[in-house]
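# Structural description and commentary
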Amino acid sequence: MVSFAHDDDSTPESHWRTWEQDRSGADLQIEALFDGRLPSRFILLAAHPDDETLGAGGLLARLAREGVRCDVVVLTDGEASHPDSPTYSRTQLAELRRTEVANAVQVLAPAAALSFEGLPDGGITQEDAAAALTRLLSEGEAPRTLVAAPWRHDGHTDHDAVGRAAAEVCEAHQAPLLEYPIWLWHWGTAEEQADQLADLSLRHLDSDDHTRKTSALATHVSQVAPLSAAPGDEVLLSADFLEHFDRNYEAFFVSEGSSTFERLHQDKADPWEVAERFYERRKRSLTIASLPRERFCRTLEVGCSVGALTRELATVSDNVLALDTSETAVRRTAEVLSTNDAAEARLATVPRDWPREDGPFDLVVLSETGYFLSSDQLDEVIALILASLDEDGVLVLCHWRHPIEGWELDGADVHERVRRVPGLTTLALHTEEDFLLEVFVPPPADSVARREGLL
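Residues numbered from 1 in each chain as written. Predicted model: local features only at pLDDT ≥ 70, side-chain atom pairs only at ≥ 80, totals over all residues. Heavy atoms only, no water.

### Some words on the domain arrangement of the protein chain
Many authors give the size of an interface as the accessible area that is lost as the parts come together. For clarity, the threshold we go by: Throughout, the edges of the domains are those of an automatic or database domain assignment. Contacts are assigned to residue pairs with any non-hydrogen atoms lying within 4.5 Å of each other. By buried area we mean the combined loss of accessible area, with a 1.4 Å probe, across both parts when two parts are placed together. By convention in these notes, a salt bridge is any Lys or Arg side-chain nitrogen within 4 Å of a carboxyl oxygen on Asp or Glu. Polar contacts here mean pairs of N or O atoms no more than 3.5 Å apart (in protein, one a potential hydrogen donor and the other a potential acceptor; neighbouring residues in sequence count only if both atoms are side-chain atoms). When residue character is reported, Ala, Val, Leu, Ile, Met, Phe, Trp, Tyr, Cys and Pro are called nonpolar, Asp, Glu, Lys and Arg charged, and the others, Gly included, polar.
Each assigned domain of the protein chain is listed here: domain 1 (13-257) and domain 2 (265-452). Computed from C-alpha coordinates alone, the two centres of domain 1 and domain 2 are separated by 41 Å. Taken together, the contact pairs eight residues of domain 1 with nine residues of domain 2. Note on domain 1 versus domain 2: buried area summed over both sides is about 610 Å², and carbon and sulfur give 42% of it. Together, Asp35, Gly36 and Arg37 form the three largest contributors to the area buried by domain 1 at its contact with domain 2, with a combined 60%. Remark: the boundary between domain 1 and domain 2 carries one salt bridge. Where Glu256 meets Arg352, a salt bridge forms, and the shortest distance between an N and an O atom there is 2.9 Å. For the pair domain 1 and domain 2, the number of links is one residue pair in polar contact (both at pLDDT 80 or more). Looking at the side of domain 1 that touches domain 2, its residues break down into two nonpolar, two polar and four charged.

### Overview of the pairing of strand 7 (residues 249-255)
Threshold: For the exposure calls, accessible area comes from a 1.4 Å probe over protein chains only, and a residue counts as buried if that area is under 20% of its type's maximum, exposed if over 50%, partly exposed in between. Only DSSP runs of H or I with at least four residues qualify as helices, and only runs of E with at least two residues qualify as strands; both kinds are numbered from the N terminus onward. Two strands pair if DSSP finds at least two bridges between them.
The buried fraction of strand 7 amounts to five of the seven residues, a majority that puts the element mostly inside the structure. Relative to strand 7, strand 5 (residues 177-180) is paired through three bridges, and the arrangement is antiparallel. When the sheet's bridge partners are listed, Leu177 is paired in strand 7 with Ser255. By the bridge criterion, five bridges tie strand 6 (residues 200-204) to strand 7 in an arrangement that is antiparallel. Bridge pairing in strand 7 links Leu200 to Phe253.

### A few points about helix 8 (residues 207-218)
Keep this limit in mind: Working rule for helices: expected span equals 1.5 Å times residues minus one. The arc in question is traced by the directions running from the helix axis to the C-beta atoms.
End to end, helix 8 covers 17 Å across twelve residues, agreeing with the expected 16 Å (1.5 Å per residue, within 8%). For helix 8, the complete set of buried residues consists of Asp209, Lys213, Ala216 and Leu217. When helix 8 is viewed along its axis, its buried side chains cluster within an angular range of 100° and face the same direction. Contacts from the buried residues of helix 8 go to helix 2 (51-65), helix 3 (90-108), strand 6, helix 9 (221-224), helix 10 (239-242) and strand 7. A distance of 3.2 Å separates the backbone nitrogen of Asp208 from a side-chain oxygen at the start of helix 8, and that oxygen is part of Asp206.

### Some details on the nonpolar core
Selection criterion: Only buried residues count toward a nonpolar core. Its members are Ala, Val, Leu, Ile, Met, Phe, Trp, Tyr and Cys residues joined through side-chain atoms within 4.5 Å.
Judged by nonpolar contacts, the single largest core of 50 residues is most densely connected at Trp19, Phe42, Leu146 and Leu178. Ranked by residue count, the leading element in this core is helix 2, at six residues. For Leu146, the residues in contact, after removing those within four places along its chain, are Ile30, Leu33, Phe34, Pro39, Arg41, Phe42, Ile43, Leu59, Leu63, Pro176 and Leu178. Phe361, Ile382, Leu409 and Val414 belong to the second-largest nonpolar core, a separate cluster that totals 30 residues.

### Brief notes about the packing of helix 4 (residues 126-136) against helix 5 (residues 157-173)
What counts, and what does not: Fitting a line to C-alpha atoms yields each axis, with helices limited to the stretch in contact; the angle taken between N-to-C directions then spans 0 to 180 degrees. Throughout, the term roughly parallel applies to angles under 35 degrees, roughly antiparallel to angles over 145, roughly perpendicular to angles from 65 to 115, and oblique to all others. Throughout, a crossing is termed right-handed when the near helix is turned clockwise from the far one, and left-handed when it is turned anticlockwise from it by less than a right angle.
Orientation of helix 4 relative to helix 5, taken along the N-to-C sense of each, is 45°, at an axis distance of 8 Å. With respect to helix 5, the axis of helix 4 lies oblique. As for the relative orientation of helix 4 and helix 5, their crossing is right-handed in sense. Mapping the contact onto sequence places Gln126, Ala129, Ala130, Leu133 and Thr134 in helix 4 and Ala161, Val162, Arg164, Ala165, Ala166, Glu168, Val169 and Cys170 in helix 5. Per-class residue counts for the contact of helix 4 with helix 5 are nine nonpolar, two polar and two charged.

### Some words on the pairing of strand 4 (residues 145-150)
How we decide: Note on handedness: a clockwise path from strand one over the helix to strand two, with the strands aimed away from the viewer, defines a right-handed crossover.
Burial of strand 4 is extensive: six of the six residues sit out of reach of the surface. Summarising the sheet, strand 1 (residues 41-46) and strand 4 pair through four bridges and their orientation is parallel. Across the sheet, the residue bridging to Leu44 is Ala148, located in strand 4. The sheet contact formed by strand 4 and strand 5 spans four bridges and is parallel. Residue pairing across strands places Ala148 opposite Leu178, the latter belonging to strand 5. This β-α-β element, strand 4 to helix 5 to strand 5, shows right-handed connectivity.

And the structure:
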């Protein structure tokens with residue numbers, strides 16, 4: 001257990017600026033935790049009033065602005081912040097701090113629901129915190145809910161208890177969890193906490209979120225300024241400590257929940273019945289028949305599900321790499337490919353886990369996958385495909401033409417995005433009521449007959 005006091009000298013913020021500049025790694029993308037979508041709900045747990053602003057105020061502001069339903073749950077009233085105050089009783093402090101957090105949430109997310117659990121400040125138990133979160137986290141919507149809570153190793157007994165409780169409940173409900181450190185920045189160093197910091201993800205704030213966070217923090221007057229000039233009413237959060245929260249980023253330890261596609265494959269052996277339906281078998285046959293060459297050297301399939309198309313791609317490819325975000329889907333595809341040493345199924349979420357080191361590819365297949373990406377993710381995936389295709393590479397898209405409920409894009413959107421990209425042109429286009437099948441190649445789009453010298 002870490003031992004520290006709030007009035008100890010705080011690790012200089014210049015130390016953490018150096019650490020931030022030296023670290024590597026991409027920004028945390030919230031959408032990546034929800035298969036390319038924003039969560040439907042955000043539950044922000046605070047052990048004390050002001051934790052919500054210090055740890056995740058910018059994130060709360062952003063998600064609220066994006067229309068996500070937000071709940072801020074304050075577990076204690078923070079009545080023990082000034083135990084020797086001659087001017088405020090514990091009851092008065094609790095009332096004051098409830099008012100302050102209400103004002104802070106009004107700045108950050110005016111439509112957010114704010115609730116108080118009234119647990120004892122300095123005496124939160126893991127069981128009580130878990131019970132509070134469980135009441136809020138209904139079974140059906142849990143996988144689409146993002147939870148944020150204090151880090152379980154922050155060194156404050158209340159923070160640690162809430163973090164452990166959140167980890168327990170979120171794991172049971174397969175909900176993603178972000179744990180935000182607060183006191184780590186005060187007592188820790190980049191050298192001594194190197195192993196833990198390696199698992200930390202940063203989410204940079206835009207100017208509006210940073211401004212809202214700064215304004216919200218100022219509403220916690222009892223913590224950022226003295227209660228009075230009397231002994232016992234000293235400021236709780238020093239200027240050096242507060243400097244850690246004037247950054248242009250927030251930091252989280254991320255525990256990913258179960259993806260939509262993992263749950264689908266856990267619940268049903270073949271979620272889309274690709275093995276049984278004539279529609280799916282015919283579509284695969286058309287896909288293979290549309291390829292402009294008899295064989296390919298290195299094929300990448302993005303989104304393999306149970307490996308039905310992967311098996312057929314392996315018959316025309318010297319090597320196949322199939323990706324999926326579902327561990328169960330990858331395992332089933334690996335079983336399909338078990339007799340083919342030149343074919344591999346790999347757990348990956350694109351664009352984050354794009355297999356740069358495995359390219360270049362002369363065939364990339366994006367079948368019934370593009371509309372499960374956000375708009376920004378799709379743009380990034382298209383750029384990665386272009387960078388991964390060899391000079392004579394082929395990109396195949398195949399997507400359902402009917403509405404895709406609950407996702408930002410549909411099949412037509414995906415194909416239109418690719419058509420607008422310089423460096424690729426349509427070689428073949430098959431359009432039916434139900435799906436689009438399109439083959440892209442680098443210009444000029446020489447037909448198969450022309451390539452074989454028939455023209």
